[in-house]
Each structure stands twice: as C-alpha cells, then as structure tokens.
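# Overview (structure and organization)
If you want the building blocks of each chain, they are given just below.
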Amino acid sequence: MTEWTRQRRIGKIRDSASVVVTKYTIPAETAREIRKAGPIYGSQGRALQVATEVLIRMNRPPEVEPFGHVTAPGFVRVSMRLHQRTFDLIRKLAELEYNDDPGQVICACVKVLKMKRLRL
C-alpha cells in the first residue's frame, strides 16, 4: 500500500550512467550563489545545466577575471552531480573561452543566472 507514495528516483541506488560526480574549485561567493539558485531550479546541478545551455547559445559570453591562486582562502572545493552533457559543455567552454579553467565557466554560469535580460 505504501509503494505508491515512494518518490521516483533515478534508480534504486540514485545514480545513473549519465550522471557524473565531479569537483570544482570556485570562489566562495560563487558557491553561495549556486546554493541559493538550487531551490529555484530544483537542484544545484539543474541550475548549472540551465546556465550552461544558455551560455553556449550566447554570442558574447560574460567576462570572468582569471583566478590567480586557486588555493587562496577565498576558494572552496564543491562537489556536484551533473548530467554528462552538462559536464561535457563545461569542459568544452573551459577550453574555448575560459583558459582551460572550469571554475571560470561556473562563475560565468552564475553571472548568466543573475542576468535580468538575456541577450542571445
């Protein structure tokens, strides 16, 4: 009788072949903004998925200042569960636009999420 109340998950072990668990080094402020955007989009991974999809469609992606020292006190390591496509897009954007640094792509994603009007 209680079987119908169980929420549907990705699987019994709540993982899938299309889900990648990865860690990024990003500024603490960026991590706070992603955490705030999580409930709006359903999860932090979904918020990044939306932002990367918008980011690849933009003619001029937002500028992000390069990180000097990644081990500085203002940086944190964040673990995220992302779909394979989102993970691949972050890597590709890092190679093409953001000096091979996925952390800068995450910062650009936060800027996209905070924009009031998108100019694609």
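Residues numbered from 1 in each chain as written. Predicted model: local features only at pLDDT ≥ 70, side-chain atom pairs only at ≥ 80, totals over all residues. Heavy atoms only, no water.

### Digging into the packing of helix H3 (residues 84-96) against helix H4 (residues 102-114)
This is how the line gets drawn: To get an axis, a line is fitted to the C-alpha atoms, and for a helix only the part in contact is used. The angle between two axes follows their N-to-C directions and goes from 0 to 180 degrees. We count a stretch as a helix when DSSP gives it H or I for four or more residues in a row; a strand needs E for two or more, and each element gets its number in order from the N terminus. An angle below 35 degrees is treated as roughly parallel, one above 145 as roughly antiparallel, one from 65 to 115 as roughly perpendicular, and anything else as oblique. Residue contacts are counted whenever heavy atoms from the two residues lie within 4.5 Å of one another. Ten residue types, Ala, Val, Leu, Ile, Met, Phe, Trp, Tyr, Cys and Pro, are classed as nonpolar, four, Asp, Glu, Lys and Arg, as charged, and the remainder, Gly among them, as polar.
Here H3 crosses H4 at 105 degrees, and the two axes come no closer than 8 Å. Our classification of the angle between H3 and H4 gives roughly perpendicular. Taking contact as the criterion, the partners of Ile90, Leu93 and Ala94 in H3 are, on H4, Pro102, Val105 and Ile106. Of the residues assigned to the contact of H3 with H4, the class counts are six nonpolar, no polar and no charged.

### Structural notes on unusual backbone geometry
This is how the line gets drawn: Buried residues are those whose accessible area, probed at 1.4 Å on protein chains only, stays under 20% of the maximum for their type, while exposed residues exceed 50% and partly exposed ones sit between those limits.
Unusually for a residue other than glycine, Asn99 sits at a positive phi of about 55 degrees. Relative to the assigned elements, Asn99 resides in the loop between H3 and H4. Unusually for a residue other than glycine, Asp100 sits at a positive phi of about 55 degrees. By the element assignment, Asp100 lies in the loop between H3 and H4. With relative accessibility at 58%, the residue Asp100 sits in the exposed group.

### Comments concerning the pattern of salt bridges
To keep things clear, this is the line we draw: In the sections that follow, a salt bridge refers to a side-chain nitrogen of Lys or Arg positioned within 4 Å of a carboxyl oxygen of Asp or Glu.
Going through the model one piece at a time under the given rule, you end up with four salt bridges. Close ionic contact of Glu29 with Arg32 constitutes a salt bridge, the shortest N to O distance being 3.0 Å. A residue pair is termed a helical-turn pair when its members lie 3 or 4 positions apart in one helix, as Glu29 and Arg32 do in helix H1 (residues 28-41) at three residues. When its relative accessible area of 42% is taken as the criterion, Glu29 is described as partly exposed. Close ionic contact of Lys36 with Glu33 constitutes a salt bridge, the shortest N to O distance being 3.4 Å. Placement of the pair is Lys36 and Glu33 together in helix H1, with a separation of three residues, close to one helical turn. Judged by its relative accessible area of 56%, Lys36 is exposed. Members of the salt-bridge network, linked through shared partners, are Glu53, Arg57 and Arg85.

### Focus on a nonpolar patch on the surface
Rules: For patch detection, residues must exceed 30% relative accessible area and be free of salt bridges, and they are connected within 9 Å for like charges or within 5 Å for nonpolar side chains (Val, Leu, Ile, Met, Phe, Trp, Tyr). Using a 1.4 Å probe, accessible areas were evaluated by the Shrake-Rupley method; residue-level cover was limited to the displayed protein chains.
Where nonpolar side chains cluster on the molecular surface, the patch consists of Ile40, Tyr41 and Val50 and spans about 270 Å² of accessible area. Mapped onto the elements of the fold, Val50 is located in helix H2 (residues 44-56).

### Some thoughts on the side chain of Asp101
This is how it is decided: In this charge count, Lys and Arg are treated as positive and Asp and Glu as negative; neither His nor the chain ends contribute.
Secondary-structure assignment places Asp101 in the loop between H3 and H4. For the buried residue Asp101, which engages in no salt bridge, the nearest side chain bearing the opposite charge is Arg77, 8.6 Å off. Beyond its immediate sequence surroundings of up to four residues, Asp101 is in contact with Phe67 and Ala94.

### Here we look at the nonpolar core
It is characteristic of soluble globular proteins that their nonpolar side chains tend to be buried jointly. Our working rule: Only buried residues count toward a nonpolar core. Its members are Ala, Val, Leu, Ile, Met, Phe, Trp, Tyr and Cys residues joined through side-chain atoms within 4.5 Å.
Grouped together as the largest cluster of nonpolar side chains are 27 residues, with contacts concentrated most on Tyr24, Ile26, Ile34, Leu48, Leu55, Val105 and Ile106. Elements that contribute at least two residues to this core include exactly strand E1 (19-27), H1, H2, strand E2 (75-83), H3 and H4. Of the residues forming this core, the biggest block, seven residues, is contributed by H4. When residues no more than four places from it in sequence are discounted, the contact partners of Tyr24 are Val76, Arg77, Val78, Leu82, Phe87, Ile90, Pro102 and Ile106.

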